[in-house]
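A look at the structure
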Amino acid sequence: MDNISRRKFLKISAATISGAATLGAVGKLTESVEQFSGKIFRNGVQKIPTFCDICFWKCGVIAYIRDGKLWKLEGNPEDPLSRGRLCPRGTGGVGAHYDPDRLKSPLIRKNDRGKEEWVAVTWDEALEYIARKMQAIKSEYGAESVAMFSHGIGGNFLKHTLKAFGTHNFAAPSFAQCRGPRDVGFKLTFGEDISSPERTDIKNAKCLVFLGYHLGENMHNTQVQEFSEAIQNGASIIVVDPRFSIAASKAKYYLPIKPGTDIALLLAWMNVIVNEKLYDRDYVEKYGFGFEKFKNEISNYTPEWAYPETGIEPEIIRRTAYEMAKHKPATLVHPGRHVTWYGDDTQRSRAIALLNALLGSWGRKGGFYTPVSMDLPEYPYPPYPKPNKPKVDNPNSKYPFAIETITNGIRDATISGSPYPIKGWFVYATNLIHALPNEAETIKAIQNLDLLVVIDVIPSEIAGWADVVLPESIYLERYDDLNVEWFREPFISLRQPVVESPHDQKPNWWIAKKLAEKIGLNEYYPWENIVDYLKYRLTAGGYDFEELRTKGIIKGTPQPIYFDQGVPAEFPTPSGKIEFYSLQLAQAGFDAVPKYKKPEEAPPGYFRLLYGRAPVHSFSRTQTNRILMDMYQENEVWINHVIAERLGLKSGDYVKLKNQDGVVSNRIKIKSTNRIRPDCVYIVHGFGHNSKMLRYAYNKGASDSQLLTRYVIDPLMGGTGMNVNFVTIEVEV
Amino acid sequence: MNEITNTRMNPSIDQFLSIWNWEIPVYLFLGGIVAGMMIISGYFLFKGRTKDVECSCYKIPFVSLIFLTAGMIALFLDLEHKAYVWRVYTTFKIKSPMSWGSWILLLIYPVLFLNILIRIPKFLSNKFPFLEDLSTKINSHPVAVRNIGIASMISGALLGIYTGVLLSSLGARPLWNSSTLWILFLLSGLSTAAAFIHLIAKSRYESHLLAKADNVFLSLELIVLILFLIGLLTSTQVHIDAAKLLLNGSYAPAFWVFVVGLGIIIPLIIQIMAVSNKIPHTPIAPIMVIVGGLILRFVIVYAGQVSHWFNAQLLK
Amino acid sequence: MARYAMVIDTKKCVGCMDCVVACNTENNVPEGFNRDWIVQDARGSFPTVNLEIRSERCNHCDNPPCVYCCPTGASHIHNLGGVVLVEHKLCIGCKACIASCPYDARFVHPEGYVDKCTFCIHRVEEGLDPACVSVCPTYCMTFGDLDDVNSEVNRLLNSRKHHSVLPEAGTKPQIFYLE
Ligand SMILES: Nc1nc2c(c(=O)[nH]1)N[C@H]1C(S)=C(S)[C@@H](COP(=O)(O)OP(=O)(O)OC[C@H]3O[C@@H](n4cnc5c(=O)[nH]c(N)nc54)[C@H](O)[C@@H]3O)O[C@H]1N2
Ligand SMILES: Nc1nc2c(c(=O)[nH]1)N[C@H]1C(S)=C(S)[C@@H](COP(=O)(O)OP(=O)(O)OC[C@H]3O[C@@H](n4cnc5c(=O)[nH]c(N)nc54)[C@H](O)[C@@H]3O)O[C@H]1N2
Ligand code: SF4
Ligand code: SF4
Ligand code: SF4
Ligand code: SF4
Ligand code: SF4
Ligand SMILES: [Mo]
C-alpha cells in the first residue's frame, strides 16, 4: 500500500522549458486583461471588483492594484455574500497570485506513469496531444468513456466542451464527499434541497443548533457573519460535537457527543418534542404527511434510551429540546454541510430535517428561507450530441436517491470497467488524492486510464499522476462564467481579471475553447472571446455588461423569502407535503423514519479519527499560499490531555498516526487539549502534502485523507462516510 | 488547566526568545568593570596615593579605555540599524536610560583621557612628545589631579549605576524589576575591577590592598544579591516566578555554580584566607571573580528576557 | 483631542485571523512577522471549558514604557489620538523598546528598524477604520475615540463588562475586551 500511495513528484527537464516561451496561438489570450490597459492599470491605486475562489462561497471582492501590482483584497460592500468583508482565506487570496510554486507552463509526462518525468511544452502541443488521445478513446470506447471531475464554477466551459464531445459523466466531490447526504435527506423530506449557499436564516434564528457544523473554523463567510449577528442578538446556541469547537465556545449548551451517535440524540429530541406536544401543531397538521406513523416510530426513543448511546444526560437532552421548542419556529437546526461521516448520513440529515419540520422552521424566519435568483438565459449553443450510454457512476440506480453524479462511482467504474470502461479523466480544480477517501483506489483507477488531464494552478498530488498538466490562471487573472446566485436576494456577479498571469498560465475558458477547436467542435464556440459570451448573456437578460464590470454585482428586486411573506408553501415530494414518513424510502427498502444503528467501536488502543477545517485554509489548496501558511503552517493532532499525559505526550511533540490498516502518516505535532473527548482525535484536513514541488507545503503536518483507507457508502445516495477510521499514536523516534 | 495558544509566528517577538544576545551582557560587563576601575583609580588619585598604587592610578585608566571601547563595539554590533547610530546624539530623552547612557559615555571618554594624561604610557609619549608636556603640567598641580580623581569617581559611578538602571527601567521583564539591580551591578563592577587590579598589579602591596577591597565588595555584592532575590520573592507572582528562574529554574545551575559559588563565595573564601596570610595569593580567585561577573551579566540578561508577565499564567 | 482605542467583543470573535491576514496585506508586513495575533485562552477541563479568544496587538498604552525608554525619540506618541508610533528614520534598533513592552508587540523589521501596529493611522487619518477592524467578518472589533462621550467605544465600554490584557503591568493599555 505504502509504495503505490507515495506520490511521484513532477520532474521537469529544464532543457525543454525554454521551448514553452515560444508560444504560437496564444497571443490573444491576455486580451481580456489588455483591453483595460491604460484604463484600469494606471499608476496609483485602482479598485476592480471580482469574486473570490478560495472556496465555493463566491464572495464579492474589491481588488486593490497599486502601481500595477496586486496589493490587497477587500469585500465588495455591494455583494450580499461578502457584505463588504471577506474571510481570512479571501483576504489572503493575494498569496495565490504571488505563489512561487505555481505551475508555469503545460507539461507532458515523458515516461511511464509512476516514473514521473515531465517535458514543458507549448499549449498547442499539449492540446494537440490531448485531442489525439480523446479521439482515440472515442473511437475505441465511445465518448462516454471520458469523465470529468471538477469543483467550482471554473469548470463550466470545459464541461461544455466535453458535453459537445459526447459525454455526460461529470462529478464533483461536493456531492458524495460533502453535502450530498444532506441535500438528499432534505429533498426526501421537504422536496427541496439545501444547496449552496445554504438557505439557512442564521441571523434571524433565536435558537441555533449545530451538529458538528463548526462555524468559526468553517469560514463560509455569510454564515459566519450571520452567526455573529445571532450571537449579538442573544440567540440560544446549542452545539453538539465530540470536540469543543470554536462554535461550542459560543454555546449556551455544549453537548460532547460520542462520535457517530447523532441520530440517537435527534430521535430523543424528537421524542421529547412530540411526546410533550411541543411541536408546531398547526404547521405539522397543515403541511405534514405520515405524522402518526412517525410518532409511533419514535415513541421509544426516550432521552434515557439515548443516554448510554450518546453520553448526553437525559436532563440535558430534555432541557435542550425545551430550548428549541421555546423559540420555534425561529429555531434552526442547522443541516451542516460536510456530512459524509458514517454512511448513515442521509438518514441523519433526514432526522435533522424532521426535527426542523416539527419546529416549523422550514420556510420561516429564523429557519430556512426560500432562495431567489435572477433570470438569465443560457448562451444558445447548438444542442449537445445525445450520449448512447447511461451515466456510469450509478448503474441500475444502485443508489436510488442520488441526485448528482457520484465521484466514487466513476472511480469504481474506472477500476472495474463496468458498466463500461472509463479511459479518460479530466480533473479540473479538484485534488482527488486529498478529496476522495482511499487514495489507493484512486491510483488504481488512474492506472487504468489512457488519458489523465489535470488542470490546476499548483503541482498538486493529483497533477503528479497526470499525463498532461495544464496550468490555469488563478481566479484573479481570468474571467469565468457569470454567477447567477440563489440567495436571500437575487443578484448576478462577475469574475474578471484584476492582474495578469505571471507566466504562461491560461484561463479555463480559453483552454476549453482551444481544446474544442482541436477536436473540431468549433461550432460550439461561436464567440471569439469570453467577453463576447458574457455580453451576450447579459444583454439577452436585459443587463449591462459595463455596469457589471464596474460594480461587480447587479442586484434584482428583493422578493419574499418566507411563507409568512407570501412564498407559497410548496413541497415537491411525492405526497406534496413534508414527509414525516417516507413512502418512497419504504418502497426502496429503506427506513421510512430514520433508525439508529450503533457505530462501530474503536479497537482497543485506537482513537476515532475526526477532521475538519482551519479558518485560514481551504482543503488541500492553500498550503502553498505564503500569506495563509504564515498563519497556520502545519496541522496538529488534537488529543485529550488526560490521554496525552497517560501516553507521556505533550503539546508540540511529534508523533505519527497509524490507522487500522497499517497506514502511517507523516509526522504531526501533538495538541494536548481539554477541548476533545478522550475517544477520538482530530486533525485539520488538507495538510501532509507529499508533492515535493509544493515546496512550502511539502511534508508539513499529516494528511487525513491518507489515513482514510476505509469508508462506508451511504446506501441511499452513494456518499462516502469517512469518520470510520481509527488510529493509534506512534511516538517519533 | 489553563491552555493558551498564541498564533504569533514571529520568533523575533516571541516571549521565549531573546531580544538581546551576547553583545549586551558583554557590554554591561565591560561597562561595569570600567566603572569599577574608574572609581578605584579615581579614589586613589583623589587620595593622592599614586605612589602606593601605581597600577590603579596609571595603568588602569588605559585599560579602562580599551575595555570601554570594546564594550561600545559590542553594543554597536547589537544595533539593528547601525547606520543610524548617530541619532542618539541628536536628542536627549530624560526618561530613557539608553539616552542617559549614550551621553554618559561621551562624558567618560574625556575623563579617561585626562586620567591617562596623568601618566602617559611609553609608546604614546614616544610618538606624541607634546603629551608628555601636558602630563607634566597636570602633575604640577595636585589639585588638578585630585579633581580628575573626583571626576573619575563620579563618572564611574554614573556608568556603573546606569548599567543596572538600563535593565531595571524595562518594567516588562519582572526579573529586572528591582531597585537593587543597579547596586548589584555597581558592586559587581567594583569587585571585578578590584579583582582585575589584584591580578595585574606588580606591587604586592597594591595587590594585597585590592584583594582586601575586593573582599569587601564581594561581601556586599552577596548581601545585595540576597536582597535582590528577597525583593523579587516578596513581590507579585510574576516576580516570584522570575526569581525562581534563578533559584530553581532553567538558569539555576549557571546562577548557583558560576555566579554565586565560583563567582563570589569560593574566591571570597580564598581571598579572606590570603589576606590574613593563611595561604598565598593566587591568580585563581580574581579570575573566578571576573568570570563570575561576566556570567552574572549573562544570567541576568538572558533570564530577564525569559521572565515575563505572562509566565504566571502560562505556568499554571 | 482624541484618545483612540479598540473594543473587541470576545463573545463574537471566532479567532479566524482575518485581522492578521488583513494587517499583513494592508501594511506589507514581511513574511514571518505579525503586527497582530490571536490568543486562545482555554480554562477548565473537558467538557466544561471556557474559551476566550482575543485579537491582540500593540495596546497603544497611555503610559508607554516603549516610548520612555527610546533613546532617539523614534518611539513616540503621535499627536493624533495618543497612538504610539515608531519613526523608522530615527530608530537605531537598540531594542530597548522591545524589551520594555509587556505585550511583545514589537519586532525588528528586516530593514533594521523596529515595527509594530500603527492603529493604521494612515487609514484613520482618511476617516477609515484600521484594516483589521474593517475586515473582521464577525464585526467584533470597534475602533474609536474614548474622549468622545458619544462614541461607539464608550457606549460599548459603558454597557458591557470588559477587561484589558495585563493591566497589572501598569502601562494603561487602550485595547479592551468585552466579556
Ligand atoms: N479527507 C477528507 N476528504 C475530504 C474532505 C475532508 O475534510 N477530508 N472534505 C470534502 C469536502 S467537504 C469537499 S467540498 C471536497 C473538496 O475537494 P476539492 O475541491 O478537490 O479540494 P482541494 O483538495 O482543495 O483541491 C482543489 C484543487 O484545485 C486546485 N485549484 C485551486 N484553484 C484553482 C483554479 O483556479 N483553477 C484550477 N484549475 N485549479 C485550482 C488546487 O490547487 C487543488 O489542487 O473534499 C472532500 N474530501
Ligand atoms: N476555513 C474553511 N472553511 C470552509 C472550508 C474550508 O476548506 N476551509 N470548506 C467549506 C466546505 S466545502 C465545507 S463542506 C464545510 C465543512 O464544514 P462543516 O460542515 O462545518 O463540517 P463538519 O464535518 O461538520 O465539521 C467537522 C466538525 O464535526 C465534528 N464531528 C466529527 N464527528 C462528529 C460526530 O459524529 N457528531 C458530531 N455532532 N460532530 C462531529 C468535528 O469535531 C468538527 O468540529 O466547510 C466550508 N468552510
Ligand atoms: S468564504 Fe472566504 S474563501 Fe470562500 S469565497 Fe468567501 S472570502 Fe473566499
Ligand atoms: S477577524 Fe475578527 S473574528 Fe477573526 S480573529 Fe480577528 S477579531 Fe476575531
Ligand atoms: S503595547 Fe507595548 S509597544 Fe504598544 S504602547 Fe504598550 S508598551 Fe508600547
Ligand atoms: S529600537 Fe528604535 S524605537 Fe526601539 S528604543 Fe531603540 S531606537 Fe527607539
Ligand atoms: S490597526 Fe492596523 S496595524 Fe494595527 S493590527 Fe490592525 S491592521 Fe495591523
Ligand atoms: Mo464541502
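Residues numbered from 1 in each chain as written. Chains lettered and ligands numbered in written order. Predicted model: local features only at pLDDT ≥ 70, side-chain atom pairs only at ≥ 80, totals over all residues. Heavy atoms only, no water.

Time to look at the site of ligand 6. Close contacts around ligand 6 come from Cys70, Pro71, Thr72, Ala74, Ser75, Cys91, Ile92, Gly93, Cys94, Lys95, Cys97 and Val114 of chain C, and that covers them all. Partitioned by chemical class, the residues of the shell around ligand 6 number 8 nonpolar, 3 polar and 1 charged. (Near = heavy atom within 4 Å. Nonpolar A, V, L, I, M, F, W, Y, C, P; charged D, E, K, R; others polar.)

Taken together, the contact pairs 37 residues of chain C with 40 residues of chain A. A salt bridge links Arg123 of chain C to Glu74 of chain A; its shortest N-O distance comes to 3.6 Å. Between the two partners, chain C and chain A, sit 18 residue pairs in polar contact (both at pLDDT 80 or more). Counting only elements with at least two residues in the side of chain C that touches chain A, the list comes to helix 1 (18-26), strand 2 (36-45), strand 3 (48-57) and helix 5 (131-135) of chain C. It is helix 1 of chain C that provides the largest number of residues to the side of chain C that touches chain A, a total of 7 residues. (Contact = heavy atoms within 4.5 Å. Salt bridge = Lys/Arg side-chain N within 4 Å of Asp/Glu carboxyl O. Polar contact = N/O pair within 3.5 Å; in protein donor to acceptor, adjacent residues only side chain to side chain. Helix = DSSP H or I, 4+ residues; strand = E, 2+ residues; numbered from the N terminus.)

Note that predicted coordinates carrying low pLDDT should not be read in detail. Per-residue confidence for chain A averages 93 on the pLDDT scale, and 94% of its residues sit at or above 70. Every residue in residues 1-42 of chain A is under pLDDT 50, and counting partners more than four places away or in other chains gives 88 contacts. (pLDDT = per-residue confidence, 0-100.)

In the vicinity of ligand 7 lie 13 residues, with Cys23, Arg57, Cys117, Cys120 and Cys132 of chain C positioned nearest. The residue makeup of the shell around ligand 7, split by class, is 8 nonpolar, 2 polar and 3 charged.

Moving on, we come to the sheet that holds strand 1 (residues 2-6) of chain B. Strand order in the open sheet formed by 3 strands is 1(B)-2(C)-3(C), with antiparallel pairing between adjacent strands. At either margin of the open sheet sits one strand with a lone partner, and together these are strand 1 of chain B together with strand 3 of chain C. Here the strands of the sheet are splayed against their neighbours by 15 degrees on average, with no regard to which way each runs. Pairing between strand 2 of chain C and strand 3 of chain C: 10 bridges, direction antiparallel. Paired with Gly44 of chain C across the strands is Val49 of chain C, a residue of strand 3 of chain C. (Pairing = 2+ DSSP bridges. Axes fitted to C-alpha atoms, helices over the stretch in contact; angles between N-to-C directions.)

With that settled, the discussion passes to the interface of chain C and chain B. The interface is formed by 44 residues belonging to chain C together with 38 residues belonging to chain B. Counting each side, the surface lost to burial between chain C and chain B is near 3700 Å², with a carbon and sulfur contribution of 58%. Of all residues in chain C, Ile92, Lys95 and Asp104 of chain C give up the largest surface area on contact with chain B, accounting jointly for 17% of the area buried on that side. Counting across the interface, chain C meets chain B through 3 salt bridges. Inspection of the chain C/chain B interface yields 16 residue pairs in polar contact (both at pLDDT 80 or more). Listed by contribution, the elements that provide at least two residues to the side of chain C that touches chain B are strand 2, helix 3 (96-100) and strand 6 (107-108) of chain C. For the side of chain C that touches chain B, the element with the most residues is strand 2 of chain C, which contributes 8 residues. Of the residues belonging to the side of chain C that touches chain B, the class tally is 26 nonpolar, 10 polar and 8 charged. Across 5 bridges, strand 1 of chain B lies against strand 2 of chain C in antiparallel orientation. Across the sheet, residue Ile4 of chain B finds its bridge partner in strand 2 of chain C, namely Asp41 of chain C. (Buried area = accessible area lost by both parts, 1.4 Å probe.)

Residues and elements named next belong to chain A. On the basis of which strands lie adjacent, the open sheet formed by 4 strands has the order 10-9-8-12 and parallel pairing. Each having just a single partner strand, strand 10 (253-255) and strand 12 (331-334) make up the two edges of the open sheet. Averaged over all neighbouring strand pairs, the angle between strand axes comes to 10 degrees, with direction disregarded. As paired elements, strand 9 (residues 236-240) and strand 10 share 3 bridges and run parallel to each other. Bridge pairing in strand 10 places Val239 opposite Tyr254.

On to the pattern of salt bridges, then. Any two side chains of opposite charge can pair, on the condition that their charged atoms come close. All told, the structure shown has 65 salt bridges over all chains when counted by the stated rule. For Arg182 of chain A, the salt bridge identified is with Glu198 of chain A, shortest N-O distance 2.6 Å. With Arg182 of chain A in helix 8 (residues 173-190) and Glu198 of chain A in the loop between helix 8 and strand 8 (207-211), this pair connects stretches of sequence that are 16 residues apart. The same class applies to Arg182 of chain A and to Glu198 of chain A, which are both buried. Note that Asp41 of chain C and Arg43 of chain C form a salt bridge whose closest N and O atoms lie 3.1 Å from each other. Given a relative accessible area of 4%, Asp41 of chain C falls into the buried group. What you see here is one network of salt bridges that share partners, running through Arg179, Arg182, Asp183, Glu198, Arg337 and Glu404 of chain A. (Buried < 20%, exposed > 50% of the residue type's maximum accessible area, 1.4 Å probe, protein only.)

Moving on: the packing of helix 7 (residues 156-165) of chain A against helix 19 (residues 508-518) of chain A. Residue and element names in this part refer to chain A. Packing of helix 7 against helix 19 brings their axes to within 7 Å, and their N-to-C directions diverge by 15 degrees. Our classification of the angle between helix 7 and helix 19 gives roughly parallel. The handedness of the crossing between helix 7 and helix 19 comes out as right-handed. Contacts between helix 7 and helix 19 pair Phe157, Leu158 and Thr161 from the former with Asn508, Trp509, Ala512, Lys513, Leu515 and Ala516 from the latter. Counted by class, the contact of helix 7 with helix 19 contains 6 nonpolar, 2 polar and 1 charged residues. (Parallel < 35°, antiparallel > 145°, perpendicular 65-115°, else oblique. Left-handed = near helix turned anticlockwise from the far one by under 90°.)

Turning to helix 13 (residues 303-310) of chain A, a few remarks are in order. Listed in full, the buried residues belonging to helix 13 of chain A are Pro303, Ala306, Glu309 and Thr310 of chain A. Taken around the axis of helix 13 of chain A, the buried residues stretch over an arc of 115 degrees, which confines them to a single face. (Arc of directions from axis to C-beta.)

Turning our eyes to something else, we now look at a nonpolar patch on the surface. All names here are of chain B. Taken together, the side chains of Trp256, Val257, Phe258, Leu262, Ile265, Ile266, Ile269 and Met273 make up a nonpolar region of the molecular surface, amounting to roughly 650 Å² of accessible area. Along the polypeptide, Ile266 turns up in helix 10 (residues 252-275). With a relative accessible area of 36%, Ile266 lands in the partly exposed category. (Patch = residues over 30% accessible without salt bridge, like charges linked within 9 Å, V, L, I, M, F, W, Y side chains within 5 Å. Areas by Shrake-Rupley, 256 points an atom, 1.4 Å probe, with all protein chains shown as cover.)

Residue and element names in this part refer to chain A. Domain boundaries assigned for chain A yield domain 1 (200-369) and domain 2 (607-731). In this structure, domain 1 and domain 2 have C-alpha centres spaced 28 Å apart. Domain 1 puts 24 residues into the contact, and the matching count from domain 2 is 25 residues. Where domain 1 abuts domain 2, roughly 1900 Å² becomes buried across the two surfaces, and 57% of that area is made up of carbon and sulfur atoms. On the surface where domain 1 and domain 2 come into contact, there are 0 salt bridges. Linking domain 1 to domain 2 there are 10 residue pairs in polar contact (both at pLDDT 80 or more). (Domains from an automatic or database assignment.)

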